[in-house]
Amino acid sequence: MRRLLIMLFALCLLPALAAAAETMPQVGQMAPGFKLQDQNGHWKSLDQYRGQWLVLYFYVKDFTPGCTTELRNYRDDYAALRKEGAQVLAISIGSVKSHAAFAMKYHAPFPMLADTNLKVAKEYGDGVLISRNGMKYAARTTFIIAPNGHIAKIYTDVNPANNPHQVLIELPKLKAAYGKA
């Protein structure tokens, strides 16, 4: 009986998971554009990074344990990511003020963008914008965007402890596949 209930529950979830996968942009598609303020109040847009590799990572919330781990790991691997020719942007639905405090405390060397109206998280799909118990947040998802603006790689259900390392391993392969431009 328990096994049957689990199977029925899983079958009920499949359409929702398939719909979420359909709304998330896919590898090879143009990355949705955006214009958001960073932790210093400066406006950043996807167009500013055209011609460069971009690591765009969505995170849940400032000062939470997993997001702090993720920020620290991206910070610690930032020089290596830059050496590979990649820029890093972090996006969460928190405020500019919260991002400023988070970035300052953990010495973030890259922009942390405030998606307070949830527009960008929505553009990147249901797999990024999550709603639970009446609360909305950005799920840990990382997009590697090629210099031409196309999505080259997507990481879902990101492990904050190893995602920067995964990206570092993947970048040379993606660069070879896409070429330098």
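As shown above, the structure is provided for reference.
Residues numbered from 1 in each chain as written. Predicted model: local features only at pLDDT ≥ 70, side-chain atom pairs only at ≥ 80, totals over all residues. Heavy atoms only, no water.

(A) Spatial organisation of the side chain of Ser45. Looking at where Ser45 falls in the secondary structure, it is placed in strand β2 (residues 43–45). With relative accessibility at 16%, the residue Ser45 sits in the buried group. Non-local contacts of Ser45, meaning those with residues more than four positions away in its chain, are made with Phe34 and Lys35. (Helix = DSSP H or I, 4+ residues; strand = E, 2+ residues; numbered from the N terminus. Buried < 20%, exposed > 50% of the residue type's maximum accessible area, 1.4 Å probe, protein only. Contact = heavy atoms within 4.5 Å.)

(B) Structural context of the packing of aromatic side chains. Tallying each qualifying case throughout the model produces 12 aromatic pairs. Relative to Phe110, the ring of Tyr57 lies with its centre 6.1 Å away and its plane at 70°, an arrangement referred to as edge-to-face. Residue Tyr57 is located in strand β3 (residues 53–58), and its partner Phe110 is located in the loop between α4 (96–106) and β5 (112–114); the two are separated by 53 residues in the primary sequence. Its relative accessible area of 1% is what places Tyr57 among the buried residues. Exposure remark for Phe110: the relative accessible area of 1% places this residue in the buried category. (Phe/Tyr/Trp six-rings, centres within 6.5 Å; stacked < 30°, edge-to-face > 60°.)

(C) Examining unusual backbone geometry more closely. In this structure, His107 is a non-glycine residue whose phi angle is positive, near 55°. Tracing the sequence through the fold places His107 in the loop between α4 and β5. What makes His107 exposed here is its relative accessible area of 58%. Of note, Asn133 is a non-glycine position whose phi angle comes to about 50°, a positive value.

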